[in-house]
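# Residue-level structure breakdown
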Amino acid sequence: MSADTPLIGDHTMPETAPLTDARIGVVTFPGTLDDRDAARAVRLGGGTPVSLWHADDSLHEVDAVILPGGFSYGDYLRAGAIARFAPVMNTIIVEAEATTASPLPVLGICNGFQILTEAHLLPGSMIKNDHLKFICRDQVLRVENTGTAWTSQFTQDELITVPMKNQDGQYVVDDATLSTLEDQGRVVFRYVGESPNGSRNDIAGVTNERGNVVGLMPHPEHAVEAGYGPNDATGLREGTDGLTIFTSVVSSLTGGNA
Amino acid sequence: MPTILVEVMPKPEILDPQGKAIANALPHRGFTGFSGVRQGKRFELSVDGEVTEELLESARTAAAEMLSNPVIEDVVSVTVAEDL
Amino acid sequence: MNDFNIDTVTNAADTPETELPWAELGLKQDEYARILEILGRRPTAAELAMYSVMWSEHCSYKSSKVHLRQFGEKVTEEMQKDLMVGIGENAGVTDLGDGWAVTFKIESHNHPSYVEPYQGAATGIGGIVRDIISMGARPVGVMDPLRFGDIDHPDTQRVLPGVVAGIGGYGNSLGLPNVGGEVVFDSVYQQNPLVNALAVGVLKHEDLRLANASGVGNKVVLFGARTGGDGIGGASVLASESFDDTKPSKRPAVQVGDPFAEKVLIECCLELFHNNLVEGIQDLGAAGISCATSELASNGEGGMHVELTNVLLRDPSLTPGEILMSESQERMMAVVTPENAANFEAVMDKWGVEHSWLGEVTDTGRLIIEWDGDTIVDVDPRTVAHDGPVYDRPYHRPEWQDRLQTDTFRSSAAGGDLPASAEDLGQAVVELMSSPNMADKSWVTDQFDRFVGGNTALSQPDDAGVIRVDDRTGLGIGLATDCNDRYAYLDPYRGAQLALAESYRNVATAGAVPLAVSDCLNFGSPEDPDIMWQFAEAVRGLADACMELGIPVTGGNVSLYNQTAGRAIHPTPVVGVLGKFDDVSRRTPSGFQRWADGQAIYLLGTTRDELDGSEYARMRGHLGGQPPAVDLIAEKTLGEILINASRDGMIDAAHDLSEGGLAAALAEMSLRFGVGSRTSLHELCERDGVDPFTALFSESQARVLVSLPRSEELRFTDMTTARGFPALRLGVVDAESGGIEVAGAFQDGSFGIGLDELKEAWSSVIPSRFGGAAA
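In this numbering scheme, every chain counts its residues from 1 along its sequence in written order. Starting at A for chains and at 1 for ligands, labels are handed out in the order in which the entities are written. Selection of residues for local features in this predicted model requires a pLDDT of at least 70, selection of side-chain atom pairs for listing and counting requires 80 or more, and totals for whole chains, interfaces and linings are taken over all residues. Excluded from the side-chain calculation are hydrogens and water; included are all heavy atoms of the structure.

An unreviewed UniProt entry annotates chain B as Phosphoribosylformylglycinamidine synthase subunit PurS originating from Nesterenkonia natronophila. Listed under Pathway (unreviewed entry) in UniProt, the entry text for chain B is "Purine metabolism; IMP biosynthesis via de novo pathway; 5-amino-1-(5-phospho-D-ribosyl)imidazole from N(2)-formyl-N(1)-(5-phospho-D-ribosyl)glycinamide: step 1/2." UniProt positions are given in the numbering used here, feature names are shortened, and annotations may be inferred rather than shown by experiment. Recorded in UniProt for chain B, the comment headed Sequence similarities (unreviewed entry) runs: "Belongs to the PurS family."

As annotated in an unreviewed UniProt entry, chain A is Phosphoribosylformylglycinamidine synthase subunit PurQ from Nesterenkonia natronophila. Taken directly from UniProt, the Subunit (unreviewed entry) text for chain A runs: "Part of the FGAM synthase complex composed of 1 PurL, 1 PurQ and 2 PurS subunits." According to the UniProt record, the Subcellular location (unreviewed entry) comment for chain A reads "Cytoplasm".

Looking along a regular strand, one sees the side chains alternate between the two faces of the sheet. All names here are of chain C. Two strands are said to pair when DSSP picks up at least two bridges between them. Under the scheme used here, helices are H or I runs from DSSP no shorter than 4 residues and strands are E runs no shorter than 2 residues, and both carry numbers assigned from the N terminus. Sheet analysis places strand 12 (residues 367-371) next to strand 13 (residues 374-379), joined by five bridges and oriented antiparallel. Directly across from Ile369, in strand 13, lies its bridge partner Val377. Counting the residues in the hairpin turn of strand 12 and strand 13 gives two residues, including Asp372, whose phi is positive at 55°.

One frequently used descriptor of interface size is the decrease in accessible area upon assembly of the parts. Contact residues are listed per partner, giving 16 residues for chain A and 15 residues for chain B. Between chain A and chain B, the buried area comes to about 1300 Å², and carbon and sulfur atoms account for 72% of it. Think of a salt bridge as a Lys or Arg side-chain nitrogen and an Asp or Glu carboxyl oxygen that are within 4 Å of each other. Here chain A and chain B share one salt bridge between them. The shortest N-O distance in the salt bridge between Glu73 of chain B and Arg78 of chain A comes to 3.5 Å. What qualifies as a polar contact is a pair of N or O atoms within 3.5 Å, subject to a donor-acceptor requirement within protein and to the restriction that residues adjacent in sequence count only when both atoms come from side chains. Where chain A meets chain B, there are six residue pairs in polar contact (both at pLDDT 80 or more). Here, two residues are considered to be in contact whenever any of their heavy atoms come within 4.5 Å of each other. The quantity reported as buried area is the accessible area (1.4 Å probe) lost by two parts once they are put together, taken as the sum for both.

Right, let's talk about the pattern of salt bridges for a bit. Scanning the entire structure with this criterion turns up 55 salt bridges over all chains. With a closest N to O distance of 2.8 Å, Arg200 of chain A and Asp175 of chain A form a salt bridge. Note that Arg200 of chain A is positioned in the loop between strand 9 (187-191) and strand 10 (203-207) and Asp175 of chain A in helix 4 (residues 175-183), a separation of 25 residues in sequence. Across the pair Lys74 of chain C and Asp544 of chain C runs a salt bridge, and its minimum N-O distance is 2.6 Å. Placement of Lys74 of chain C in the loop between helix 5 (65-73) and strand 1 (83-85) and of Asp544 of chain C in helix 20 (residues 529-549) is noted, with a sequence separation of 470 residues between them. Among the ionic contacts, a cluster of salt bridges with common partners joins Arg40 and Glu225 of chain A together with Arg468 and Asp471 of chain C.

Residues and elements named next belong to chain C. Every axis corresponds to a line fitted to the C-alpha atoms, with the helix fit spanning only the stretch in contact, and the corresponding angles, defined between N-to-C directions, vary from 0 to 180 degrees. In the contact formed by helix 19 (residues 492-510) and helix 22 (residues 632-647), the axes pass within 7 Å of each other and the chain directions differ by 15°. In terms of orientation, helix 19 lies roughly parallel with respect to helix 22. Of the two possible hands of crossing, helix 19 and helix 22 adopt the one that is left-handed. Between helix 19, through Ala501, Tyr504, Arg505, Ala508, Thr509 and Ala510, and helix 22, the contact on the second element is made entirely by Leu632, Glu635, Lys636, Leu638, Gly639, Leu642, Ile643 and Ser646. Oblique is the label for any angle not under 35 degrees, not over 145, and not in the 65 to 115 range, which are roughly parallel, roughly antiparallel and roughly perpendicular in turn. Each crossing gets its hand from how the near helix is turned against the far one by less than a right angle, where anticlockwise is left-handed and clockwise is right-handed.

With that settled, consider the confidence of the model for chain A. Values of pLDDT, ranging from 0 to 100, describe the predictor's confidence in every residue of the model. Here chain A averages 91 in pLDDT, and 91% of its residues register 70 or above. In the model, residues 1-5 of chain A has pLDDT below 50 throughout and makes 16 contacts with residues more than four positions away in sequence or in other chains.

Time to look at the nonpolar core. Residues and elements named next belong to chain C. In these notes, a set of buried Ala, Val, Leu, Ile, Met, Phe, Trp, Tyr and Cys residues joined through side-chain atoms within 4.5 Å is what counts as a nonpolar core. Accessibility here uses a 1.4 Å probe with only protein chains present; expressed as a share of the type maximum, an area under 20% marks a residue as buried, one over 50% as exposed, and anything in between as partly exposed. Counting 113 residues, the largest nonpolar core has Met433, Leu500, Phe697 and Leu705 as its most contacted members. Element by element, the count of residues in this core is highest for helix 20, at ten residues. Among residues more than four places away in sequence, those in contact with Phe697 are Leu425, Ala428, Val429, Leu432, Leu611, Ser614, Tyr616, Gly660 and Ala663.

Residues and elements named next belong to chain C. Note on ring pairs: Phe, Tyr and Trp rings are taken, using the six-membered ring of Trp, and paired if centres are within 6.5 Å. Classes follow the plane angle, with under 30 degrees stacked, over 60 edge-to-face and the rest tilted. Under the defined criterion, the tally for this structure stands at 17 aromatic pairs over all chains. Aromatic pair Phe409 and Tyr616: ring centres 6.1 Å apart, planes at 80°, arrangement edge-to-face. With a gap of 207 residues between them, Phe409 in the loop between helix 15 (401-406) and helix 16 (422-433) and Tyr616 in helix 21 (residues 615-619) connect regions that are remote in the sequence. A residue is classified by how much of its surface remains accessible, and Phe409, at 0% relative accessible area, is buried. The interplanar angle of 35° and the centroid separation of 5.6 Å between the aromatic rings of Trp443 and Phe770 together place this pair among those described as tilted. Placement of the pair is Trp443 in helix 17 (residues 442-445) and Phe770 in helix 28 (residues 765-770), with a sequence separation of 327 residues.

The subject of this paragraph is the sheet that holds strand 9 (residues 303-307) of chain C. Residue and element names in this part refer to chain C. With mixed pairing, the seven strands of this open sheet are ordered in space as 8-10-7-11-9-12-13. The outermost strands of the open sheet, each flanked by one partner alone, are strand 8 (280-283) and strand 13. Between one strand axis and the next, the sheet turns through 20° on average, direction left out of account. Along the sheet, helix 11 (residues 288-299) contacts strand 7 (219-224), strand 8, strand 9, strand 10 (331-336) and strand 12; its crossing angle with strand 10, the most-contacted strand, is approximately 25°.

A few words on the side chain of Asn218 of chain C. Residue and element names in this part refer to chain C. Along the chain, Asn218 turns up in the loop between strand 6 (194-204) and strand 7. Classification of Asn218 as buried rests on a relative accessible area of 10%. Once residues lying within four places of it in the same chain are set aside, the contact partners of Asn218 are Glu279, Val335, Val336, Thr337, Pro338, Gly359, Glu360 and Val361.

Bringing a negative patch on the surface into the picture now. All names here are of chain C. Negative charge collects at one region of the surface, where Asp417, Glu423, Asp424 and Asp748 lie side by side. Secondary-structure assignment places Asp417 in the loop between helix 15 and helix 16. By relative accessible area, which is 70% here, Asp417 ends up exposed. Residues form patches when they are more than 30% accessible in relative terms and have no salt bridge. Like charges link within 9 Å. Nonpolar side chains (Val, Leu, Ile, Met, Phe, Trp, Tyr) link within 5 Å. Each accessible area value is a Shrake-Rupley result obtained with a 1.4 Å probe; residue values ignore everything except the protein chains displayed when judging cover. A positive count includes Lys and Arg, and a negative count includes Asp and Glu. His and the chain ends are not counted in either. Note on charges: their place is set at NZ of Lys, CZ of Arg, CG of Asp or CD of Glu.

It is worth spelling out helix 8 (residues 154-174) of chain C at this point. Each residue after the first adds 1.5 Å to the expected span of a helix. Given a rise of 1.5 Å per residue, 21 residues ought to cover 30 Å, and the 31 Å separating the end C-alpha atoms of helix 8 of chain C matches this to within 8%. Positive phi shows up at Gly175 of chain C, right after helix 8 of chain C, with a value of about 75°.

The interface of chain A with chain C comprises 46 residues on the first partner and 52 residues on the second. Counting across the chain A and chain C interface gives four salt bridges. The shortest N-O distance in the salt bridge between Asp471 of chain C and Arg40 of chain A comes to 3.5 Å. Counting across the interface, chain A meets chain C through eleven residue pairs in polar contact (both at pLDDT 80 or more).

A separate point is the sheet that holds strand 4 (residues 138-148) of chain C. All names here are of chain C. Strand order in this open sheet of six strands is 1-2-3-6-4-5, and the pairing throughout is mixed. Whereas interior strands pair on both sides, the edge strands pair on one side only; in this sheet they are strand 1 and strand 5 (178-185). On average, adjacent strands in this sheet sit at an angle of 25° to one another, irrespective of strand direction. In this sheet, strand 2 (residues 92-97) lies alongside strand 1 in antiparallel orientation, the contact comprising two bridges. When the bridges of strand 2 are listed, Leu83 appears paired with Thr94. The sheet strands contacting helix 8 are strand 4, strand 5 and strand 6, and the helix crosses strand 4 at an angle near 175°.

Moving on, we come to the UniProt feature "active site" (unreviewed entry) in chain A. Residues and elements named next belong to chain A. As recorded in UniProt, the feature "active site" (unreviewed entry) lies at Cys110, His219 and Glu221. Their sequence span is 112 residues, while the largest C-alpha to C-alpha distance among them is just 10.8 Å; these annotated residues converge on one region. Checked against the element boundaries, His219 lands in the loop between strand 11 (213-216) and helix 5 (243-253). Classification of His219 as buried rests on a relative accessible area of 0%.

Here is the structure:
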């Protein structure tokens, strides 16, 4: 399948393209880097990506939202700290915390995860990696919660490999919250093998109580297309384990018919 | 021109990787006798004119809600400096 | 308004006797005399600032110009058929087909990176990326050829971590995958590290922009970051003079980069191009506004009128001359029609980018700069931008060159007692792979994002970086940079050709068709006739070789004065080659694949006794003799074989033989995915008349190792035979053994190296020096 993510121009799918029932917004903040990758992943996962702009408080009737990776506002204050106050975030916070039967599914990847913690949609926070360096590598994760909108198509404790790349990736959280997270099974992804950054309990991703908001530091959107992903057992850059995140949400949104 | 100084430190219970790295490096350069280092941030908010109590309160709110993240950081002081 | 005295043109005419600090600004007596002659009066302070920065070595190429001409002269029509923009613009542009074009360039940021490694390296990335944007392109990747002093020297300990963090800190924040480069250690780079940066961008043909101010009445706008006191004088002083302890320090504040501002600038510029809102555009790099105004004006209608007080300042105490010289980063200058001005402003507002309208394009042939209504610059812009001094500096072959070339490795003490037994040879391979230059560089490259964009098909440690451009068709590019400074020191003419040959071979090994060349020529002082000879020879060699390979130089950079206290670096002509893939999914990786057990391993090319300047010789502390022979016809044939093999899906791995020869290539192909091999040197030694030591460690050129399924062997060897190119079956891929086994023609049996042992030795070298591996 052709991904067709233009290097130049808008990454919203053209109106002539066949639409699925799953319209997934991808937010661009100043300094966002992985918005095109996230849009491509949505498309490869069978959804329709819709470009959302930080300064626009409308979600344009999307069914789910992805906050992609990058360095929003340079991460100069704290990672994600300024983006959290963008107009689009006000709407996302309201929709994600709605007490309706199906609150808005939101996925924060890397900087997006940091924004979600700054917005208090997810607990904890991210500080500098314990080794103080930026690290880019293929990372093995264990999927420990398949009850979220974003992980429904994984099997429990499935091991996946996706790229990770960050400088502020060390997940910290107070003891009480950590126990709650563990007790309630809200650790969605955990690092396998040597810790890449010193995160508490090797946590790579967590979800909120309702399971609609998920954040993770590694990058599933960089593991969706053979030839451009992480290395896997079959060879160079063939890994596509991240795609299941995107097919999961499309499936959740379309009632399992995608 | 007066300036409002806001100082933010990582919470004592939160690991401070930068402070730790500096603490490890000090003895290598012959600076011994320091048992720990923590690295924080200082913000300088410049003010044209007088610092009113209202403005100072606004600075305190900004410090608590934006300049720091209460999950990992404490605002340790908000003060006024006259001539920087 | 500022309260300093403004030196106006009127004032300059009235006070001819005023002494100006032209010498302090780096101008020579005769250069200053020329300025007086051009203007017919003394320059104003602002004019002096402009001439001094623009006539510096860094901006004017005054010592190198007479030689660089060859890149424009030694070309054929065939070589230029895909060239849309050649040398002279910010970066050359090459047609890629399907309406796409590609632009790439390498630049140096050597001295600034020595002074402040983090910011020096960071702003090096920033500068080269703005060159790419200013052609109308979206930047899609970066690469970094880096050279440091001895790995254990304190200087390297200080410089390397900062440089690596700076490249990562800036490049990672821009969303540009870092797809390759080099890391070389040699004591000649102590105090003169080389931090070169390559950026590549792609554009649709209709988005091509040039740096010219056309259309009388069009408006000139400066946008991006505010102007501060960064690197004032850096262009003329910092980048052009050697560091010399006897002179007072001339190291001004280095520029500080803001990658967030640059990322926003990229997106903002692309939106301007997409909506066709700018007529001409120029990035602000060395020499800042001096360079942008004089180049835009002289490339356009010839005139421009600017009010300098409109420049938005970060530091209000800057003088007009300092504003003109400031090297504040993340700034661009554009020419916009009055009709588009409102739309231009809307794009600025959308991205939160500050801008200020400075003036307009005129047809007066003069660049007039005013300060609050008073004229402080009134010059013919060509005299600033293009008519700088040109020096044909004296050069001659160093008297020590012959002595160096007769001191061969074989004749030296180091070459006396060479390993011959299987055991000793096996040990030598492990020793080679754990020497700093051959060791695993992932401690460095894992600090760079190689995934962002989702289009990276190959990155380090593969032979070339490969990036997809169009994801409907798979159209893409391959890129490599190379230089062996030791070869260039032994023979600069041949050394430059060898750099090109290796870069060309790397691109072809990955499967791309080589299209264009960009070079970064790093040398010592041009005022030393020995060094100038090295430079002249390297340029001549490179231009001749480009002509023979049929690919043009489309741009590049010269960095001179890389020497300290009279000790110059080796001549280091870094050569980048860009190639094209019709479909990047056809790219060939550099390692044996995990599923490739039993595949045949072939060595392409001929092995000669060529150990002078080799990594083995370096390990034994020897540098002398003649570098390997250059055979560009063989390189071309080899390239065709590899490109066809990739396109037709015949081979599953390919890796070129360069530093460390066959030994290194075998080791690297196994280390890539942890897949071993069993080979024999017996036939190779017999066919090429070499001993096993030479077979393993010679650095003969035009050689590549490939692995292919047995079902493809016949088709493949038919192709090599038809082209008359030597191909020899060395052995097989062994995915089970977990080791590298090499047999044949030794005094005793064969040797085996466990991959775990080799990997440990190879991968611990750099972390052990620079702090534990990232994880």
